[in-house]
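The primary structure of each chain is shown beneath.
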Amino acid sequence: MSLRVLFAALVALAIAASLPMTPARADIVVDVNQGQIQPLPISIAPFGGEHGADIAQVVGADLERSGYFRIVDPSASSDKGLNVGVVPLFPAWRQIGAQALVSGGGAMGPDGRLGFDYRLWDVNGEKPLDGQHFVATPENWRRVAHKIADAIYTKLTGYKGYFDTRVVFVAESGPKTHRKKLLTIMDQDGANPLYLSDGSYQVMTPRYSSNSQEVVYMALGDNFTRIYLFNIETGRQELLTGKITGLVSAPRFSPDGNRVAFSVTRGGNSDIWLMDLRTRTETRLTVDPGIDTSPSFSPDGRQIVFNSDRSGSPQLYVMNTDGSGVRRLSQGGGRYNTPVWSPTGELIAFTKQDGGRFSIGVMNPDGSGEKILSTSYFEEGPTWAPNGRYIMFHREAAAGDPRLWMVDVTGRVERPAPYSQSGSDPAWSPLLD
Amino acid sequence: MMLQATPRTARIARGALVALSLALVAACASKPKYTPAVPVAEAPRAPAEPAPRTAPAEPVQSGPAQPIPGSEQDFVINAGDRVYFDFDQFAIRPDGGSVLDAQAAWLGRYRNVRVRIEGNCDERGTREYNFALGARRAQAVRDYLVARGIDAARIDVISYGKERPIDPGSTEDAWAKNRNGHTQITAGAR
């Protein structure tokens, strides 16, 4: 017992320094690239203090939804008194099959803020893997939970987390012939859904900036198309395309957030344009009689992948950001649309239409290594989690309503995203600060 | 096909009739406002007579009114407001050409009318590609009308992509209906 207390003191010291307590490499890891994912059994001991139970629940739900973890019910463990200040009785957790263990607890500080400590333990190795201290306003407890889940995910998979994020999308309601389509935002786990537009036009294809809380989207009215820039934090909205002749669609930010690529349609012909948000000047990038749309930047900002039917059917092409060096990427049979470069730069996600079915797939940026992750009657619109491991998209059954889905890059974790109503065109935010 | 009134055209027809009756009411109501200042001598009344005997009432047939020439309803019924396209195509088909010939003739007759050509697609495509495809279809309709002598300044074009299907179904038949170019009158109709 005295050893346990001593250890607790050491843990507290390490926490105070806000540093991980062991080398970054954990002995237990979830190998997410094996032929079959064996979800890691992890138990979350009851968290004490303010919002403790709430936070434990959200952490568990995040980890479970990732597909890489299996939550082991802690109530079966005989180690009942575990709190953040003591070392676990590891055999008790081994006995219920947990390989990793999370303990934690919070307390309200004199300033009215919530302080929360968490620890991650290697049950078989009987050692701490991570520990962190978070301070937040009490109403922000969900973000504390997501940050804990991100820390655990990172430590045990080796990949950055993605739980402390939001998703903007289009909430759809009403009959298909008179569809209401509202710009909507929610936390990545479906909490805090909020409508951001008033329904005076249909909202399509919102896209998140990768470095700010800004969104660009297309608005479709009876007699107009517009591209708006919307700031999530201030609610300020700005029309970007007021001076542009022609129809506008398919906006997407550059990685530095300073430019927006989009499609301009004149005389029935769609080409890719680029707008500099600082000067509000536009440059035309493609001059081709085919349809050129759905531009997406490489994360280094040097290239743009886009969709064109210049060869006769929609395929994926890549070009330099000045419009030079166009070359075709997609080579397989079928029709390719909506390319989206992953945040890590390693892959390009796309929608493929083949044999009357639609798929979400990925390929290498040189067009090789095509891999189909998910297929159904209809699905489109991939968006990457900021860690480049998951893709959210929307799927629609015949005569059905669109639903948000997610799949991981191995294709082995495929499940509905946590939004139970009708939604389309998801766009994932970067990790919040 | 052209006579199959969609709910929308039925609504337009009702709207046109309501507008017409309102106009008639307005016309009747406004006339008595002007009364001549000259006094009118009252004519002697004729002595009361027994009511004349009437012949048995002939049955009156009722039916849909003919659309008012130059109205939106007239355009929809007698010219046709939609042409249809093949999958992923934007070429005007022969059946669409005859509809557009009729549209051009009608628009040639009613020169104050302005139209918006709306390009539409079926649900079997991605949103952004379909938006661009719908724009091609709208442009094909516009170009056809302009080639038939309609002033391009009277025509706006827009694409609704796959966002505004007229048939919510997921059948070949529904998709065929939803791949269309719709000519919407925006001003100048009676």
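Reading the values: the criteria
- Residues numbered from 1 in each chain as written.
- Chains lettered and ligands numbered in written order.
- Predicted model: local features only at pLDDT ≥ 70, side-chain atom pairs only at ≥ 80, totals over all residues.
- Heavy atoms only, no water.
- Phe/Tyr/Trp six-rings, centres within 6.5 Å; stacked < 30°, edge-to-face > 60°.
- Buried < 20%, exposed > 50% of the residue type's maximum accessible area, 1.4 Å probe, protein only.
- Lys NZ or Arg CZ within 6 Å of the ring centre and 35° of its normal.
- Core = buried A, V, L, I, M, F, W, Y, C linked by side-chain atoms within 4.5 Å.
- Helix = DSSP H or I, 4+ residues; strand = E, 2+ residues; numbered from the N terminus.
- Domains from an automatic or database assignment.
- Contact = heavy atoms within 4.5 Å.
- Salt bridge = Lys/Arg side-chain N within 4 Å of Asp/Glu carboxyl O.
- Polar contact = N/O pair within 3.5 Å; in protein donor to acceptor, adjacent residues only side chain to side chain.
- Buried area = accessible area lost by both parts, 1.4 Å probe.
- Pairing = 2+ DSSP bridges.
- Axes fitted to C-alpha atoms, helices over the stretch in contact; angles between N-to-C directions.
- Parallel < 35°, antiparallel > 145°, perpendicular 65-115°, else oblique.
- Left-handed = near helix turned anticlockwise from the far one by under 90°.

Caption draft 1: Representation of the packing of aromatic side chains. Scanning the model with the defined rule gives 20 aromatic pairs over all chains in all. Centroid distance A:Tyr153 to A:Tyr162: 5.6 Å. Interplanar angle 85°. Geometry classified as edge-to-face. Each member of the pair A:Tyr153 and A:Tyr162 is classed as buried. The exposure class of A:Tyr162 is buried, given its relative accessible area of 1%. Across the ring face of A:Trp405, the terminal group of A:Arg395 is positioned such that the distance to the ring centre comes to 4.1 Å. One Lys or Arg, B:Arg164, reaches over the ring of B:Tyr160 and ends 4.2 Å from the middle of that ring.

Caption draft 2: Region of interest: the nonpolar core. Residues and elements named next belong to chain A. Formed by 45 residues in total, the largest nonpolar core has its most connected members in Ile 55 and Ile 152. The biggest single contributor to this core is helix H4 (residues 141-157), with nine residues. A domain split of this core shows at least three residues from each of domain 1 (3-157) and domain 2 (166-428). Leave out the neighbours within four places in its chain, and Ile 152 touches Ile 42, Val 59, Leu 63, Val 102, Tyr 118 and Leu 120.

Caption draft 3: Layout of unusual backbone geometry. Residues and elements named next belong to chain A. Positive phi is not limited to glycine here, since Glu 126 has a value of about 50°. Topologically, Glu 126 is positioned in the loop between strand S4 (114-122) and strand S5 (127-136). Judged by relative accessible area, Glu 126 falls into the partly exposed class, the value being 37%. Here Asn 192, not a glycine, exhibits a phi torsion of approximately 55°, which is positive. As for its placement among the helices and strands, Asn 192 is situated in the loop between strand S7 (180-187) and strand S8 (194-195).

Caption draft 4: Seen up close, the pattern of salt bridges. Enumeration over the complete set of coordinates arrives at 39 salt bridges over all chains. Where A:Glu238 meets A:Arg236, a salt bridge forms, and the shortest distance between an N and an O atom there is 3.4 Å. Of the charged contacts in the structure, one is a salt bridge between B:Lys162 and A:Glu380, with a shortest N-O distance of 3.1 Å. Note that B:Lys162 is positioned in the loop between strand S3 (155-161) and helix H5 (172-178) and A:Glu380 in strand S25 (residues 379-384), a pairing that runs across two chains. Just as B:Lys162 is buried, A:Glu380 falls in that class too. Connected through salt bridges with shared partners, the residues A:Glu172, A:Arg179, A:Lys181, A:Asp401, A:Asp425, B:Arg127 and B:Glu163 form a single ionic network.

Caption draft 5: A look at the side chain of A:Ser424. Mapped onto the secondary structure, A:Ser424 falls in strand S29 (residues 423-428). Here the side chain of A:Ser424 touches B:Arg127 through a polar contact of 3.5 Å, side chain to side chain. Ignoring anything within four residues of it in the chain, the contact list for A:Ser424 reads A:Phe169, A:Val170, A:Glu172, A:His394, A:Pro402, A:Leu404 and B:Arg127.

Caption draft 6: Region of the structure containing the interface of chain A and chain B. Each partner contributes residues to the interface: chain A has 48 residues there, and chain B has 29 residues. Counting each side, the surface lost to burial between chain A and chain B is near 3000 Å², with a carbon and sulfur contribution of 52%. Among the residues of chain A in contact with chain B, A:Lys176, A:Asp222 and A:Ile291 are the three that bury the most area, contributing 17% of the side total. Where chain A touches chain B, the interface holds nine salt bridges.

Caption draft 7: Focus on the domain arrangement of chain A. Residues and elements named next belong to chain A. Per the domain assignment, the segments making up chain A are domain 1 (3-157) and domain 2 (166-428). Domain 1 and domain 2 are separated by 36 Å when their C-alpha centres are compared. Taken together, the contact between domain 1 and domain 2 spans 16 residues of the former and 14 residues of the latter. Across the domain 1 to domain 2 interface the summed buried area is about 1200 Å²; carbon plus sulfur atoms make up 40%. Joining domain 1 to domain 2, the criterion identifies two salt bridges. Here Arg 142 ties to Asp 189 by a salt bridge, and the two come within 2.8 Å at their closest N and O atoms. For the interface between domain 1 and domain 2, the tally reads eight residue pairs in polar contact (both at pLDDT 80 or more). Going through the elements one at a time, helix H2 (52-65) and H4 are the ones with two or more residues in the side of domain 1 that touches domain 2. In terms of residue count, H2 provides more of the side of domain 1 that touches domain 2 than any other element does, four residues in total.

Caption draft 8: Spatial organisation of helix H2 (residues 72-79) of chain B. Those residues of H2(B) not exposed but buried are B:Gln73, B:Asp74, B:Phe75, B:Val76 and B:Ala79. Positioned one or two residues after H2(B), B:Gly80 has a phi angle of 100°, which is positive.

Caption draft 9: Focus on the sheet that holds strand S1 (residues 40-44) of chain A. Residue and element names in this part refer to chain A. One open sheet holds the five strands; their spatial order is S2-S1-S3-S4-S5, and the pairing between them is mixed. Strands at the two margins of the open sheet, each flanked by one partner only, are strand S2 (69-72) and S5. Averaged over neighbouring strand pairs, the angle between their axes works out to 25° when direction is ignored. Sheet topology places strand S3 (residues 100-108) next to S4; nine bridges connect them, and they run antiparallel. Looking across to S4, one finds that Ser 103 is bridged to Arg 119. Together, S1, S2 and S4 form the strand contacts of H2, whose direction differs from that of S2 by roughly 145°.

Caption draft 10: Looking closely at the packing of helix H3 (residues 94-109) of chain B against helix H4 (residues 127-147) of chain B. Residues and elements named next belong to chain B. Two elements in contact, H3 and H4, have axes separated by 9 Å at closest approach and are oriented at 55°. Considered as vectors, H3 and H4 are oriented oblique to each other. Read as a crossing pair, H3 and H4 show a hand that is right-handed. Each of Gly 97, Leu 100, Asp 101, Gln 103, Ala 104 and Leu 107 in H3 lies in contact with H4, whose residues at this interface are Val 141, Tyr 144 and Leu 145.

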